[in-house]
Structure formats: structure tokens, C-alpha cells
Amino acid sequence: MDVDQMESLKLSLRLPKKEALFQLNRKGITSTIGYLFVLLLVLFLPNIYSAITTFERELTEVARGLYMAQALVFYPLLIIFLIVAGVTIIAGGGLLLSKILKRKLRYQQVWKMTAYALTLPLVFSTLSTYIGLPDYVTVLVFITPISYLLYKMITVYPKRP
């Protein structure tokens, strides 16, 4: 992680505070996507490691190479695609909430807010998966804090006249 991403991590852990929210919204979209990429890499590195270390020993060299390509390239790309699609869907819900609450927000702002607000819910849900909690508990551990954070962050912005 570079200095900018460490700053983003510190600010995202302080959400929904107004100062942190406004500082994060000043960051560019490439910085936000880079932050998400590094966060997901750190969170899913144990999965990638276990996938590499537990493959069948009797595989041929070609099959082993394909398996390694899947574990090192395709799995991270799939996770990145799913998280970007997930952020987009959640941000759509956040935009709908901002319209209901009559706040002055654009989709780009809500998308970045959602991306940074995912830090703690992703960490909590990943930890709950590793300790073996049931799936419905993991979903609740994810949905509850992200819903709360989005609501609190949206209400920081002024109402439309």
C-alpha cells in the first residue's frame, strides 16, 4: 500500500464523519478503484494462497499451469469484477436513498462513498467467513453496517431546495 491508499484506509475507517467523507470524495476515481483493488487483494490473499497450496499433486504439468493461472489471474479478476458490480448496485440503492431523502448528490459521489464505506463491512464479513459463521449471519454482518454508513453519509449532504 502506498501513502495515498494508507490515507484512504484511515479516512474510510473514520466514516461517516463529515471531514473524512469530504476528503475521500475529493479523491479521483482511479485512486478509489486502486484502493478497492488493494483492499480486496489483502482480504482474499489467504484464499488465493490456500487454493495454490491445496491443488492435486497428480495433475499433469499442463493442468497444473492452468490451475495456477486460474488461481493467480482469473480468481482475483473475478473478485474485482464482482466487487465493482456490487459497488455499482449498492451505489444505485444509495442514489435512490439520496433521492428519497432529497439530498444533493450525484451518482459518482455516491459510488465513491459506497466504495470507501465497504472497508469495514468487507473486513467483518471476511472474518466471519473465516471463523465459520453461517452465511445468513455473514450477509447480515455485511448489509447492516453498509446500510447504516450510507444513510449517515447521505444525510451529511444538504437537502435540495
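Higher on the page you've got the structure.
Let me begin by describing the structure that accompanies this report. (Residues numbered from 1 in each chain as written. Predicted model: local features only at pLDDT ≥ 70, side-chain atom pairs only at ≥ 80, totals over all residues. Heavy atoms only, no water.)

## Re the packing of helix α1 (residues 3-13) against helix α2 (residues 18-25)
Here's step 1: In contact at an axis separation of 8 Å, α1 and α2 are set at 145 degrees when each is read in the N-to-C sense. In terms of crossing hand, the pair formed by α1 and α2 is left-handed. Here Glu7, Ser8, Leu11 and Ser12 of α1 lie close against α2, whose contacting residues are Ala20, Gln23 and Leu24.
Here's step 2: For the contact of α1 with α2, the class distribution of residues is three nonpolar, three polar and one charged. (Axes fitted to C-alpha atoms, helices over the stretch in contact; angles between N-to-C directions. Helix = DSSP H or I, 4+ residues; strand = E, 2+ residues; numbered from the N terminus. Left-handed = near helix turned anticlockwise from the far one by under 90°. Contact = heavy atoms within 4.5 Å. Nonpolar A, V, L, I, M, F, W, Y, C, P; charged D, E, K, R; others polar.)

## Looking at the packing of aromatic side chains
One pair of aromatic rings is described through two measures. These are the centre distance and the angle between the planes.
Here's step 1: If you walk through the whole model with that rule in mind, you get two aromatic pairs.
Here's step 2: With a centroid separation of 5.4 Å and an interplanar angle of 85 degrees, the aromatic rings of Phe22 and Tyr157 are classed as edge-to-face. Taken together, the positions of Phe22 in helix α2 and Tyr157 in the segment after α7 (135-156) put the pair 135 residues apart, joining distant regions of the chain.
Here's step 3: Judged by centre distance (5.2 Å) and plane angle (40 degrees), the ring pair of Tyr35 and Tyr116 falls under tilted. Of this pair, Tyr35 sits in helix α3 (residues 29-53) while Tyr116 sits in helix α5 (residues 107-117); the two residues are 81 residues apart in sequence, bridging distant segments of the chain. You'll find Tyr35 and Tyr116 in the same group, each marked buried. (Phe/Tyr/Trp six-rings, centres within 6.5 Å; stacked < 30°, edge-to-face > 60°. Buried < 20%, exposed > 50% of the residue type's maximum accessible area, 1.4 Å probe, protein only.)

## Examining unusual backbone geometry
Here's step 1: Residue Pro16 is bonded to the preceding Leu15 through a cis peptide linkage, with omega at 15 degrees.
Here's step 2: Considering the arrangement of structural elements, one finds Pro16 in the loop between α1 and α2.
Here's step 3: The residue Lys102 is not glycine, and still its phi comes out positive at about 60 degrees.
Here's step 4: Along the chain, Lys102 falls in the loop between α4 (61-100) and α5.
Here's step 5: Exposure remark for Lys102: the relative accessible area of 54% places this residue in the exposed category.

## So, the pattern of salt bridges
Here's step 1: Going through the model one piece at a time under the given rule, you end up with two salt bridges.
Here's step 2: Within this structure, Asp4, Glu7 and Lys27 form a network of salt bridges that share partners. (Salt bridge = Lys/Arg side-chain N within 4 Å of Asp/Glu carboxyl O.)

## Thoughts on the side chain of Ser12
Here's step 1: Relative to the helices and strands, Ser12 resides in helix α1.
Here's step 2: Exposure remark for Ser12: the relative accessible area of 4% places this residue in the buried category.
Here's step 3: A polar side-chain atom of Ser12 sits 3.2 Å from a polar atom in the side chain of Thr119.
Here's step 4: Residues contacting Ser12, with those up to four places away along its chain left out, are Leu24, Tyr35, Tyr116 and Thr119. (Polar contact = N/O pair within 3.5 Å; in protein donor to acceptor, adjacent residues only side chain to side chain.)

## Observations concerning the environment of Pro158
Here's step 1: Mapped onto the fold, Pro158 is located in the segment after α7.
Here's step 2: Look at Pro158 and you get partly exposed, because its relative accessible area is 48%.
Here's step 3: Residues Pro158 and Val84 lie 74 residues apart in sequence; the distance between their C-alpha atoms is 27 Å.
Here's step 4: Residues contacting Pro158, with those up to four places away along its chain left out, are Lys102, Arg103 and Lys104.

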